[in-house]
Amino acid sequence: MDVNFGLFDLWVVSPLIALFLFSILPLTIKVLSQNKEGNPFIPMTIGVLGVVVAAALMGTFRDLGGAVAFQQSLVFDSISSQVGFLVLAVTAVALIFSRENLATKTGQFSEFVFLLLNAAIGMLVVIWSNDLIIAFIGIEMMSLCLYVLIALSREERLSKESAFKYFVLSSFASAIMLYGFAFIYGSVGSTYLNEISTLGASLMGTSYIFLLGVVLSIVGLAFKVALVPFHAWAADVYQGSPTPLTAFMATGVKAVSFVLFARVLMSEVLVAPSAEVLVNALQWLAVMTMMVGNIAAIGQSDFKRMLAYSSVAHSGYVMMGVIAAGLVGGAGAGAGLSAVVFYLVAYSVMTLGAFGMISLLEKREDSQVYIEDLKGLGQRNPWMALFIAVFMLALAGIPPTLGFFGKFYVFMAAIEQQLYWLVFWGLLSSAIGLYYYLRPIVLMYMAEDVRGIDVVGSRHLTSFAVAMTALIVLFAGLLL
Amino acid sequence: MTEQILIATLILAPLIGFFINGLRFRSPNGVLAGSIASVAAGISFLASVLLVLRLVDMPKEARQITAHFFDWIRVGDFSVPASFLVDPISAIMILVVTGVGTLIHIFSIGYMSHDPRPAKYFAYLNLFLFNMLLLVLGDNLLIMFVGWEGVGLCSYLLIGFWFTDREKAAAGMKAFITNRIGDAGFLLGIFTLFFAFGTVDFAELASRMPEVAEVGWTGPIALACLFLFIGATGKSAQIPLYVWLPDAMAGPTPVSALIHAATMVTAGVYMIVRMSHVFVLAPNVMMLIAVVGALTALLAALIGFTQNDIKKVLAYSTVSQLGFMFLGVGVGAFMPAMFHLMTHAFFKALMFLGSGSVIHAMHEEQDIRKMGGLWKLMPITHATFVVGWLAIIGMPPFAGFFSKDEILWYTMTGNMGHPILWLIGILAAVGTAFYMTRLMCLVFWGQSRVDSKVHPHEAPLNMTLPLIALAVLSAIGGWIGIPHALAQFIPGHPPHLLGDWIKPALVPLSLDPGSDLLELILMGVSVSLAGISAWFAYDSYLKNPSRPAELAKRLGRGYEVVANKYYVDEFYFGRIVNPLIALSKGLWAYVDVNFIDKATYFLSDLVAGGGRALRSLHGGNLQQYAMYIVLGLVVALIYVMI
């Protein structure tokens, strides 16, 4: 195999190179200053700067119309850049949150920035990959960084536990996924997604090996995006991780996993008539995810754990769009695919905001925020209460917030593919979800102040970021 | 500046003022808040003057400026653009709304100087202007409806501005609910028109109208017009929905001047004039409008005889004058109706502000029996009030004379009018002359009955200046519409400026007015009858103060009925409101609690139980989680592969 590559290849991976260079800068500074951690503000600024530079470089090739690089390993189409920008934005916000969160603002913040930027590199590789092997490497790179990031927390007990759980279960799922990729390679003779697409439809009807490969890959991916019943890790890991990292995982990691999921399903594997069973199975996954996610969230008393289940439920909604996109298949995935991307962006913005609020409310590195604690927040801190209310309403999908438009487009895409039952379940579970999304609002505004928590100290950057996301959530839907 | 920018400035200036004052609504600085709001209103006025000047420069038949900003609603092939239309009809409205509005803003600075929350007040006032401008400028029914609802909201907020007083809060509620009943009609009208003609755009509606008028009551046009007219009776306080307007006087007096006299309450008239192309095709509804208008004019004027609250008298007078306008549009006299709308805005705003000045001087005393002889103490207020009085009772050459007589003239001679309607109109005019003169006698003239603890004084300059400006307008505002019958005797033969201005924008109608001589005779009749009536009131209240009481006694039961406003409020409460409340209480206590609540609680318990059950499945055990994955994988493989 040739290993030569041209200028074009270097150009398109320049964001990755920039991210990497900026990621080792804080470490270099630390080594040069006798291994002493300075003000965490400096590594954070370098990290954000790296993200900005990467975004600027990515801005130079916004629309390459599906061009491939590195012998077809990477592909650059509209999702590549749209979700790419999303990943960078999420990374920047997570950096800002981390700087002001007590669990992540440790004596190893330089290492933290290094790992987070490298996770972002892995994520970009995943969404750009046209090659299953490259995608797998991206996922592993991202995951490895995350295990360490979670374990780096100042809080000792829960974070170590969740890092370990995440590591074991994620490796387990990765193994299943890799097994699936191997079967696909075995029947198609290639790991390039565009080559799989040309054979996908016909192989679905004829080759059991191929079908086995697809199912195994789907199971692995379903674990990554937390579809029921492969979701059980999500609540524990999201709850145990430091809040900024939870925000990062629930938005960025989930988004890139969904992009890969969509790319795999769009390789013409769902369009064949013989794929009907597979489509049904996927629909069941989506329905179970929505229902279990929403119902399980109702029973939670911990705010973060509730949001974790909410994030599981949202995976179900995205899955509706992914199925719709897969049914169209190929390049013309139109409404379904754009609905998925829109939903991922909308969901990421409001989830970042919600977890940012939790991060603001945490007093110590190991403090937990219970929903009951929000009682009377409307009086103690009207602005914060307003933000929480905005995020909750958005997550519940109330117009005119971004969340409503996200759901609207996904449901529309599903209706276009005649997935009426799926939409019915989606609507039903949205109605159930309303219950737990409204509960914090009720408690904040209508319950008497008992012990109550409030924002501690001055965390201006986080507050600013949260306020910005709230504005976007409120008004972007109307302007788009 | 392009016209787009001018229109945007016109509409957005009050909105920006609203946001500025709304964000600092706790500020106690009334002068600052008032200045911000007044400047915003002033900018709007300036923009509308510039727009109207551009309109004047255009050729007569093509006087129209439209501005399309964005598509507000796009569903399938139905779209509602956020676009606005300045034509001769809306030009009059924007001048009145922003011009009179600015004066009232300035007046309010003085009037609200003792209020603890002036910024909130001015924010509402600006928001009202914004919505009123949407109402008059929108080039389709939906934009108009947004403004229509918006002014209703602002009216509610301002009537109940002193909401700690239960009675005032209730008045706001009454206004809002009564208006909402009308609004429901308005919405049904829009639906009917859209259903029948597939558009809500004024110009397109006009072009899709059939050639011949509809017969009967049940055609789509008649039905739509009927519904729209119900909306108009709510907003413009006509029978049967007029009951809210007198109560609305609970709000600050400048609000009564702006919203409940000069602008918002005329929205119904404006709407019908704007839709004249549609309304003329429903002659039955036109007749109904004329009858309702005439009756409202007369009955409200009669109530005016018996009221002792200075603002209530003016409120019933407003209802009555609005009745005149509806009489006008009902007989097809769209131009005179707009004319009267404009002159009424001048003199009624003047009188409301004057009454505000009096109330302010009397330390919130509104009972005219406790006033009298104020002319010495408040010379400017008195002088301007006299101008308003002369204008409303229709004395030439004051503004009200020209517009009112033109309506009566069309009522008598136009082919859609009728002599009986004219007679009712004349009676209402005679009544107006009586009760307005009574008001003058009791408030300004005669002996002082003022409480010795109260020392009335003339208002400061920022309150008297708007009065003077409005007085000038009330005096000469009618000269833009001098009828031909009179103009022939005046050197230079001034043309009927308003008629020339507005006619091209209206539906072409041949109303066949009669001869000049007849017009002059009718004019003489109405002026002399009004004069006699005024003299009689003057004589009764100043020369023989015992006569009114004797008259009231002799009329006995009839007086009682009028003084109690025909018991309409009692009827509404006894027969409609209270039974409704009883019904909803019953629904709540029996149906809701027993069936609906139980069903929903059952469902929510079910879901919450499910939540608890699922919680036990997520115990945090790693092996358990791994088992879920394996089980899921196995089930998926079995499902798909077999």
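Residue positions are counted from 1 within each chain, in the order its sequence is given. Each chain takes a letter, starting from A, and each ligand takes a number, starting from 1, following the order in which they are written. Only residues with pLDDT of at least 70 get local features here, since the model is predicted, and only at 80 or more are side-chain atom pairs given and counted; chain-wide, interface and lining totals rely on the full set of residues. Only hydrogens and water are set aside; all other atoms, that is, all heavy atoms of the structure, feed into the side-chain values.

Visitor: Looking at this structure, I do not really get the overall build of chain B. What am I missing?
Guide: Comment: elements are numbered from the N terminus, with helices defined as DSSP H or I runs of at least four residues and strands as E runs of at least two. A tally of regular secondary structure across chain B gives 26 helices and two strands. The reference for a compact globule is 2.2 Å times residues^0.38; the radius of gyration itself is calculated from the C-alpha atoms. Taking 2.2 N^0.38 as the reference for a compact globule, 642 residues should give roughly 26 Å; the C-alpha atoms of chain B span a radius of gyration of 28 Å, in line with that estimate. Taken along the three principal axes of its C-alpha coordinates, chain B extends 105 × 65 × 55 Å. A buried classification covers 57% of the 642 residues belonging to chain B. To measure how exposed things are, a 1.4 Å probe is used in the Shrake-Rupley method; for residues, cover is taken only from the protein chains shown. With an accessible surface of roughly 26200 Å², chain B has 70% of that area assigned to carbon and sulfur atoms. Relative accessibility decides the category of a residue: with a 1.4 Å probe and only protein chains considered, values under 20% of the type maximum give buried, values over 50% give exposed, and everything between is partly exposed.

Visitor: Sorry, what's going on with the overall build of chain A here?
Guide: Each helix and strand counted, chain A has 19 helices and two strands in total. Expressed as lengths along the three principal axes of its C-alpha atoms, the size of chain A is roughly 65 × 55 × 40 Å. The proportion of buried residues among the 480 residues of chain A is 63%. Residue contacts are counted whenever heavy atoms from the two residues lie within 4.5 Å of one another. If you take every contact in chain A between residues at least 6 apart in sequence, the share linking residues at least 24 apart comes to 82%. Carbon and sulfur atoms make up 70% of the accessible area of chain A, which totals about 17000 Å². Treating the 22 positive side-chain charges of chain A as one cloud and the 26 negative ones as another, the clouds have centres 10 Å apart. His residues and chain termini do not enter the charge count, which takes Lys and Arg as positive and Asp and Glu as negative. In this description, the location of a charge corresponds to atom NZ of lysine, CZ of arginine, CG of aspartate or CD of glutamate.

Visitor: I tried to follow the confidence of the model for chain B on my own but got confused; where do I start?
Guide: Detailed reading of predicted coordinates is not advised where the pLDDT is low. Values of pLDDT, ranging from 0 to 100, describe the predictor's confidence in every residue of the model. Residues at a pLDDT of 70 or more form 99% of chain B, whose mean pLDDT is 89. Overall fold confidence for the complex sits at a pTM of 0.74, while the interface term, ipTM, reaches 0.88.

Visitor: Looking at this model, I keep getting lost on the pattern of salt bridges. Mind explaining?
Guide: Two side chains bearing opposite charge may form a pair once their charged atoms approach each other closely. Residues and elements named next belong to chain A. Counted as salt bridges are all cases of a side-chain nitrogen of Lys or Arg within 4 Å of a carboxyl oxygen of Asp or Glu. This structure, assessed with the given rule, holds 20 salt bridges over all chains. A salt bridge links Arg 263 to Asp 77, with the nearest nitrogen and oxygen atoms 3.1 Å apart. Taken together, the residues Arg 263 in helix H11 (residues 243-265) and Asp 77 in the loop between strand E2 (74-76) and helix H4 (78-100) connect sequence positions 186 residues apart. On the basis of relative accessible area, Arg 263 is assigned to the buried category, the value being 11%. The partner of Lys 304 in a salt bridge is Glu 362, and the shortest N-O contact between them spans 3.9 Å. Here the residue Lys 304 occupies a position in helix H13 (residues 303-328), and Glu 362 occupies one in the loop between helix H14 (334-361) and helix H15 (377-380), the gap between them amounting to 58 residues. A single burial state applies to Lys 304 and to Glu 362, both of which are buried. Each of Glu 161, Lys 165, Asp 236 and Arg 305 takes part in a single network of salt bridges with overlapping partners.

Visitor: Looking at this structure, I do not really get the packing of aromatic side chains. What am I missing?
Guide: The geometry of an aromatic ring pair is captured by two quantities: the separation of the ring centres and the angle between the planes. Ring pairs shown here join Phe, Tyr and Trp side chains whose ring centres sit within 6.5 Å, with only the six-membered ring taken for Trp; geometry is labelled stacked below 30 degrees between planes, edge-to-face above 60, and tilted in between. Applying the stated criterion across every chain, the model contains 45 aromatic pairs over all chains. The interplanar angle of 20° and the centroid separation of 5.2 Å between the aromatic rings of Tyr 166 of chain A and Trp 233 of chain A together place this pair among those described as stacked. Residue Tyr 166 of chain A is found in helix H7 (residues 157-188), and its partner Trp 233 of chain A is found in helix H10 (residues 232-240); the two are separated by 67 residues along the sequence. With a centroid separation of 4.3 Å and 15° between ring planes, the pair formed by Trp 148 of chain B and Phe 186 of chain B is classed as stacked. Here Trp 148 of chain B, found in helix H5 (residues 141-159), pairs with Phe 186 of chain B, found in helix H6 (residues 166-197); they are 38 residues apart in sequence, far enough to count as distant. Residues Trp 148 of chain B and Phe 186 of chain B agree in their burial class; the two are buried. By the ring-pair criterion, three or more aromatic residues cluster together here, those being Tyr 147, Tyr 166, Phe 167, Phe 223, Trp 233 and Tyr 238 of chain A. The ring of Phe 202 of chain B carries Arg 274 of chain B above its face, with NZ or CZ at 5.8 Å from the centroid. Criterion for a charge above a ring: Arg CZ or Lys NZ at most 6 Å from the ring centre, at most 35 degrees from the ring normal.

Visitor: What should I look at first to understand the interface of chain A and chain B in this one?
Guide: When the parts of a complex come together, some accessible area is lost, and that lost area is often used as the size of the interface. Contacts between chain A and chain B engage 34 residues on the former and 21 residues on the latter. Here chain A meets chain B over a buried area of about 2400 Å², counting both sides, of which 79% is carbon and sulfur. Secondary structure elements with two or more residues in the side of chain A that touches chain B: H7, helix H9 (208-224), H10, helix H12 (276-298) and H13 of chain A. The class makeup of the residues in the side of chain A that touches chain B is 26 nonpolar, five polar and three charged. Here's the idea: put two parts together, see how much 1.4 Å probe accessible area each one loses, and the total over both is what we call buried area. Basically, the charged four are Asp, Glu, Lys and Arg, the nonpolar ten are Ala, Val, Leu, Ile, Met, Phe, Trp, Tyr, Cys and Pro, and anything else, Gly included, counts as polar.

Visitor: Hey, could you run me through unusual backbone geometry in this one?
Guide: Backbone phi values are negative for most residues with the exception of glycine, while trans is the configuration of most peptide bonds. Residue and element names in this part refer to chain A. Look at the link from Pro 399 to Pro 400: it is a cis peptide, with omega at 5°. Its place among the elements puts Pro 400 in the loop between helix H16 (382-396) and helix H17 (402-416). At Gln 72, a residue that is not glycine, the phi angle is positive and equals roughly 70°. Within the secondary structure, Gln 72 sits in the loop between strand E1 (67-69) and E2. Gln 72 sits in the partly exposed class, given a relative accessible area of 26%.

Visitor: Honestly, the side chain of Ser 83 of chain B in this entry has me stumped. Any pointers?
Guide: Residues and elements named next belong to chain B. Relative to the assigned elements, Ser 83 resides in strand E2 (residues 78-86). Judged by its relative accessible area of 5%, Ser 83 falls in the buried class. Pairing of N or O atoms within 3.5 Å defines a polar contact, subject to two protein rules: one partner must be a possible hydrogen donor and the other a possible acceptor, and residues neighboring in sequence count only if both atoms are side-chain atoms. Separated by 3.0 Å, the side chains of Ser 83 and Asp 139 make a polar contact. Setting aside residues no more than four positions away along its own chain, Ser 83 makes contact with Ala 67, His 68, Leu 137, Gly 138 and Asp 139.

Visitor: Looking at this model, I keep getting lost on the nonpolar core. Mind explaining?
Guide: Taken as a class, soluble globular proteins show a tendency for nonpolar side chains to be buried jointly. In this text, buried Ala, Val, Leu, Ile, Met, Phe, Trp, Tyr and Cys residues form a nonpolar core when linked through side-chain atoms within 4.5 Å. In this structure, Phe 303, Met 319 and Met 392 of chain A are the most contacted members of the largest nonpolar core, which totals 201 residues. The dominant element in this core, judged by the number of residues it contributes, is H14 of chain A, at 18 residues. Contact partners of Met 319 of chain A, with chain neighbours within four places excluded, come to Leu 227, Phe 258, Phe 261, Leu 265, Leu 282 and Ala 286 of chain A. Residues Phe 130, Leu 141, Val 265 and Val 562 of chain B belong to the second largest nonpolar core, which totals 193 residues.

Visitor: What's the story with the confidence of the model for chain A in this structure? I'm lost.
Guide: Mean pLDDT for chain A: 90, with 98% of residues reaching 70 or above. Here H15 of chain A is the element of chain A with the lowest mean pLDDT, 85, and helix H5 (residues 109-128) of chain A is the one with the highest, 95.

Visitor: Got a minute to help me understand the domain arrangement of chain B in this structure?
Guide: All names here are of chain B. Throughout the structure description, domain borders are defined by an automatic or database domain assignment. Domains assigned within chain B are domain 1 (1-139), domain 2 (141-217 + 231-279), domain 3 (282-563) and domain 4 (568-641). Using only C-alpha atoms to locate each centre, domain 2 and domain 3 end up separated by 23 Å. Facing the 34 residues of domain 2 at the interface are 39 residues of domain 3. Between domain 2 and domain 3, the buried area comes to about 2900 Å², and carbon and sulfur atoms account for 77% of it. Linking domain 2 with domain 3 are zero salt bridges, by the criterion used here.

Visitor: What am I meant to see in H17 of chain A here?
Guide: Think of an α-helix as turning once every 3.6 residues; residues three or four places apart then point the same way. All names here are of chain A. The span you would expect from a helix comes to 1.5 Å times its residue count less one. Along its 15 residues, H17 runs 21 Å from first to last C-alpha, staying within 8% of the 21 Å computed at 1.5 Å per residue. For H17, the full list of buried residues reads Leu 402, Gly 403, Phe 405, Gly 406, Lys 407, Val 410, Phe 411, Ala 413 and Ala 414. Directly after H17, the chain includes Gln 418, whose backbone phi takes a positive value near 60°.

Visitor: Is there a simple way to think about the packing of H7 of chain A against H9 of chain A in this case?
Guide: When two helices pack together, you describe them by how their axes are tilted relative to each other and by the distance separating the axes. Residues and elements named next belong to chain A. Angles run from 0 to 180 degrees between N-to-C directions of axes, and those axes are lines fitted to C-alpha atoms, restricted for helices to the stretch in contact. The N-to-C vectors of H7 and H9 enclose an angle of 155°; their axes lie 7 Å apart at closest approach. Relative to H9, H7 is oriented roughly antiparallel. Considering the relative orientation of H7 and H9, their crossing is left-handed. Oblique is the label for every angle not falling under 35 degrees (roughly parallel), over 145 degrees (roughly antiparallel), or within 65 to 115 degrees (roughly perpendicular). Each helix crossing is assigned a hand: it is left-handed if the near helix lies turned anticlockwise from the far helix by less than a right angle, otherwise right-handed if that turn is clockwise.

Visitor: Whenever I open this one, H5 of chain B confuses me. Can you help?
Guide: All names here are of chain B. Across its 19 residues, H5 extends 26 Å between first and last C-alpha, which sits within 8% of the 27 Å expected from 1.5 Å per residue. For H5, a buried count of 15 out of 19 residues is recorded, marking the element as mostly surrounded by other parts of the structure. In this structure Asn 140 caps H5, since a side-chain oxygen of it lies 3.1 Å from the backbone nitrogen of Leu 142.

Visitor: Explanation requested: the packing of H7 of chain A against helix H8 (residues 193-206) of chain A in the structure shown.
Guide: Residues and elements named next belong to chain A. The N-to-C vectors of H7 and H8 enclose an angle of 85°; their axes lie 11 Å apart at closest approach. Relative to H8, the element H7 lies roughly perpendicular. Contact residues: Ile 184, Ser 187 and Val 188 in H7; Glu 195, Ile 196, Leu 199 and Leu 203 in H8. Split by residue class, the contact of H7 with H8 holds five nonpolar, one polar and one charged.

Visitor: What is the right way to look at the side chain of Thr 384 of chain B in this model?
Guide: Residue and element names in this part refer to chain B. Here Thr 384 lies in helix H16 (residues 379-392). On the basis of relative accessible area, Thr 384 is assigned to the buried category, the value being 5%. If near-sequence neighbours (up to four positions away) are discounted, Thr 384 is found in contact with Leu 350, Leu 467, Ile 468 and Ala 471.

Visitor: When you look at a nonpolar patch on the surface in this model, what are you seeing that I'm missing?
Guide: In this analysis, a patch consists of residues with relative accessible area above 30% that form no salt bridge, clustered at 9 Å for like charges and at 5 Å for the nonpolar side chains Val, Leu, Ile, Met, Phe, Trp and Tyr. There is a patch of nonpolar side chains on the surface, built from Phe 571, Ile 576, Leu 580, Leu 583, Leu 587, Tyr 590, Val 591, Phe 595 and Ile 596 of chain B and spanning about 930 Å² of accessible area. The topology assignment puts Tyr 590 of chain B in helix H25 (residues 568-617).

Visitor: Is there a simple way to explain the pairing of E2 of chain B in this structure?
Guide: Side-chain direction in a regular strand flips from residue to residue, so the side chains alternate between the two faces of the sheet. All names here are of chain B. Judged by how many residues are buried, E2 sits mostly within the fold: seven of nine residues are covered. Two strands are counted as paired when DSSP detects at least two bridges linking them. Of the strand pairs in this sheet, strand E1 (residues 65-75) and E2 are connected by nine bridges, and their pairing is antiparallel. By the bridge assignment for E2, Ile 65 is matched with Val 86.

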